[in-house]
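Residue strings, one per chain:
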Amino acid sequence: MGGPLSDAALSVDALDAGGGDDRLRRAIGLALAPLVFAGLWLAPLELSAPAHRLAAILGTVVVLWVTEAIPMVVTALLGVAAAVALGVAPAKEAFAAFADPLVFVFVGTFITARAIFFHGLDRRFAYGILALPFVEARPRRVLAAYVATGVLISMWISNTATVAMLYPIGLSLLTVLESRGATGPRYASALLLGASFAVAIGGLATPVGTPPNMIGLGFLRNEIAYDLPFFSWMALGVPVSAVLAVACVLLLGRTAPAGGRVEALAHAIAAERRALGPWTLGQVNALIAFAVTVLLWVAPGFMALAWGTQDPLYKAFTTYVPEPVAALIGASLLFVLPVDVRRLEFTLPWEEAVRIDWWIVFLYGGGLALGTMAFQTGLAEAMGRALVGLLGVHGELGLLAFSTAMATVLSETTSNTAAANMIVPIAIALAEAAGTDPVLPVLGASLGSSLGFMLPVSTPCNAIVYASGRIPLRDMMRRGIVMDVVGVVLIVATLAVLGPLVLEPR
């Protein structure tokens, strides 16, 4: 970008520092997976033949997901293929999940996010927040604004992509602050942790904020025929994100000096904003497409508040413009809003669109397919009854707390997507076995899957900031476990209190 804050380079070479541990974990996974498959295949389980075969497949998939012995998306695809090959379900049914309507929410959202990054709208937004008058280039307020920026952007854009954008900005801020002696190593650790924590927090606020949210919605829709509107999710997710963001700032802000304005930082931020130049037509078009998408997503919620869910306009809108259609309408605008009419150049070149990480779509489809087969074969019901008897968890509140905590613990050792794919079906099975409504436990499991604040291996976001070499592992673990505990308590309390008020009864 050319501004003074752009000189700090994004270096993730230190990500290779844990390569030895990763290789050991993958080796264990490769050795353990076939043993788990054989053990479950031969075990005398009281299940139907398809359910027994699927149990062996799912056990293997879980091992491969937790250890990441092979790429997660390959594991998901292999699991579905194995289910077809072993007669668990016919191919047409097994692969139907890959065309689930929610897949196209991913597609539309990824395309819109790519346009925002391609035109630099995200950096304009980030520096705009850091330049707000009340921030005043004071270290403690800069940290708060930095966290707020991550939260707001990650509500709509990939967590990893948001951290990749915030990380060099954070290093640049530290360069200016430390050159003036305004901050020290503890503040550097807190600021960079703020980027990683913030994007996880922001992802809770909207259904498209992070894949586990969409996984939870998919299972609710497909397994218990419950549609949760976009606006209703936000009515639950935004309070959780807002309070957790405040907790994050209070926790990390204790390391920030309470000193006054750092003039050099104020000048640097102003210079960086000037380096961005005036708004481009591409940025305006990307903002229009984004605004149209969000408006179509939240409009049914406002209609329901104004006229009720039985109003003909509300019913027509939700029928003809559901979330996937809204996402695709907004994304399509990027290919028809021009940036140069004479040269027929539009907002997002297709060459940029194909650079999106499409693998997450297949990972989502594979997880949903395996979960659906678990219900169709009766495996999920059998697991639910066994776990209810083993754990003694009863009542909606108990299941909500258990599902949220279990998903959070699992997210520390595997990806949040894998955690959601494993825990959400179990939450439904547990609730149905206990004779309670599964909606709140599923939402708790979905939100809990996105916490995972403690370890560098918990999320790519944690790994990126840890690679800076400025975050002692003990700092990440000490602050991360506090955020995990606060997050679980907050999710359970919010869903228990607001859930009955926001959610439509089944």
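Numbers given to residues run from 1 along each chain, matching the order in which its sequence is written. At least 70 in pLDDT is required for a residue's local features to be given in this predicted model, at least 80 for side-chain atom pairs to be given and counted, and no such filter applies to totals for whole chains, interfaces and linings, which use all residues. Side-chain numbers here rest on the full set of heavy atoms in the structure, without hydrogens or water.

Our next topic: the overall build of the chain. When helices and strands are counted, the chain shows 23 helices and two strands. Both definitions apply: the radius of gyration is a C-alpha atom measure, and the globule rule equals 2.2 Å times residues to the power 0.38. Here the C-alpha radius of gyration of the chain, 23 Å, is about what a compact globule of 506 residues would show, namely 23 Å. Summarising its shape, the C-alpha atoms of the chain cover approximately 70 × 55 × 45 Å along the three principal directions. Residue exposure (1.4 Å probe, protein chains only): buried if accessible area is under 20% of the type maximum, exposed if over 50%, otherwise partly exposed. Burial analysis of the chain (506 residues in total) assigns 54% to the buried set. Here the contacts in the chain between residues at least 6 apart in sequence split such that 79% fall between residues at least 24 apart. For the area figures, the Shrake-Rupley method with a 1.4 Å probe applies, and any residue is considered shielded solely by the protein chains shown. Here the chain has roughly 20,900 Å² of accessible surface; of this, 68% comes from carbon and sulfur atoms. Strands are runs of DSSP state E lasting at least 2 residues, helices are runs of H or I lasting at least 4, and numbering of each runs from the N terminus. Whether two residues touch is decided by their heavy atoms; if any such pair falls within 4.5 Å, the residues are in contact.

Pairs of cysteine sulfur atoms within 2.5 Å are identified as disulfides in what follows. A complete count under the given rule lists zero disulfides for this structure. A disulfide-free cysteine, C248 has its sulfur positioned 13 Å from the sulfur of C461, the nearest such atom. Take C461: its relative accessible area is 5%, and that puts it in the buried class.

The next point concerns the nonpolar core. The tendency in soluble globular proteins is for nonpolar side chains to be buried side by side. Here the nonpolar core consists of buried residues drawn from Ala, Val, Leu, Ile, Met, Phe, Trp, Tyr and Cys, with membership extended through side-chain atoms lying within 4.5 Å. In terms of nonpolar packing, the biggest core is built from 157 residues, with W156, L173, L265, W297 and L443 touching the most fellow members. Take this core: its biggest share by element is 12 residues, from helix α9 (residues 185-203). Apart from the residues within four sequence positions on either side, L443 is in contact with L220, L228, W233, L236, L495 and L503.

Secondary-structure assignment places D122 in helix α6 (residues 121-130). Of the side chains with opposite charge, R123 comes closest to the buried, unpaired D122, at an N-O distance of 6.4 Å. Not counting residues up to four positions away in its chain, the partners in contact with D122 are I116, F117, I153 and M165. His residues and chain termini do not enter the charge count, which takes Lys and Arg as positive and Asp and Glu as negative. Should a side-chain nitrogen of Lys or Arg be within 4 Å of a carboxyl oxygen of Asp or Glu, the pair is scored as a salt bridge.

On to helix α15 (residues 323-333). Along α15, the residues classified as buried are E323, P324, A326, A327, G330 and A331. With its buried residues spanning 165° around the axis, α15 presents them on a single face. Those residues of α15 that are buried are in contact with α5 (101-118), α10 (211-224), α11 (230-253) and α13 (281-307). Directions pointing from the helix axis toward each C-beta atom define the arc.

Centre distance within 6.5 Å is the pairing criterion for rings of Phe, Tyr and Trp, where only the six-membered ring of Trp is used; planes under 30 degrees apart are then read as stacked, over 60 as edge-to-face, and the remainder as tilted. Enumeration over the complete set of coordinates arrives at nine aromatic pairs. Seen in terms of ring centroids, F230 and W297 are 4.6 Å apart; in terms of plane orientation they differ by 15°. Their pairing is stacked. Here F230 is found in helix α11, whereas its partner W297 is found in helix α13, with 67 residues between them in sequence. In this pair, the class of F230 matches that of W297, namely buried. Judged by centre distance (6.0 Å) and plane angle (55°), the ring pair of F335 and W350 falls under tilted. Taken together, the residues span a long stretch of sequence, with F335 in the loop between α15 and β1 (338-340) and W350 in helix α16 (residues 350-353) at a distance of 15 residues. What makes W350 exposed here is its relative accessible area of 52%. In this structure an aromatic cluster arises from ring pairing among W156, F230, F290 and W297.

Within the secondary structure, T109 is located in helix α5. Under this definition, polar contacts are N or O atom pairs within 3.5 Å; protein pairs additionally need one hydrogen-donor-capable and one acceptor-capable atom, and for neighbouring residues in sequence, both atoms have to be side-chain atoms. A polar side-chain atom of T109 sits 2.7 Å from the main-chain carbonyl oxygen of V105. Ignoring anything within four residues of it in the chain, the contact list for T109 reads W156, V208, W297 and A327.

Another aspect to go through is the confidence of the model for the chain. Taken as a whole, the chain shows an average pLDDT of 85; of its residues, 93% reach a score of 70 or greater. Ranking the elements of the chain by mean pLDDT puts helix α18 (residues 379-391) last with 74 and helix α21 (residues 439-448) first with 95. Think of pLDDT as the predictor's per-residue confidence, scored from 0 to 100. Per-residue pLDDT stays below 50 along residues 1-18; that stretch engages in 37 contacts with residues further than four places along the chain or on separate chains.

A word on the pattern of salt bridges. Evaluated as defined, the whole model comprises eight salt bridges. One salt bridge in this structure joins R343 and E345, with 3.2 Å as the shortest N-O distance. Here R355 and E352 are joined by a salt bridge, their closest N and O atoms 3.1 Å apart. A residue is classified by how much of its surface remains accessible, and R355, at 53% relative accessible area, is exposed. Connected through salt bridges with shared partners, the residues R114, E352 and R355 form a single ionic network.

It is worth spelling out a nonpolar patch on the surface at this point. Residues W279, L281, V284, L287 and I288 make up a contiguous nonpolar surface patch of roughly 430 Å² in combined accessible area. By the element assignment, W279 lies in the loop between α12 (263-276) and α13. On the basis of relative accessible area, W279 is assigned to the partly exposed category, the value being 45%. Nonpolar side chains (Val, Leu, Ile, Met, Phe, Trp, Tyr) are joined into patches within 5 Å and like charges within 9 Å, using only residues with over 30% relative accessible area and no salt bridge.

Moving on, we get to unusual backbone geometry. One non-glycine residue, A225, lies in positive phi territory at about 55°. Examined against the element boundaries, A225 turns out to sit in the loop between α10 and α11. In this structure, L344 takes a positive phi of about 50° despite not being glycine. Note that L344 resides in the loop between β1 and β2 (345-346). Assessed through its relative accessible area of 61%, L344 is described here as exposed.

It is worth spelling out the packing of α13 against α15 at this point. Angular values range over 0 to 180 degrees, each being the angle between N-to-C directions of two axes fitted as lines to C-alpha atoms, with helices fitted over their stretch in contact. The geometry of α13 relative to α15 is characterised by a closest axis approach of 8 Å and an angle of 165° between their N-to-C directions. The angle between α13 and α15 falls in the class roughly antiparallel. Classified by chirality, the crossing of α15 by α13 is right-handed. Counting all contacts with α13, which are made through A289, V292, T293, L296 and W297, the residues of α15 involved are E323, A326, A327, I329, G330, A331 and L333. Residues that form the contact of α13 with α15 fall into these classes: nine nonpolar, two polar and one charged. Should an angle fall under 35 degrees it is taken as roughly parallel, and over 145 as roughly antiparallel, whereas 65 to 115 is taken as roughly perpendicular and any remaining angle as oblique. The hand of a helix crossing depends on one turn: near helix anticlockwise from the far one by less than a right angle means left-handed, and clockwise means right-handed. We call Asp, Glu, Lys and Arg charged. Ala, Val, Leu, Ile, Met, Phe, Trp, Tyr, Cys and Pro are nonpolar, and the rest, Gly among them, are polar.

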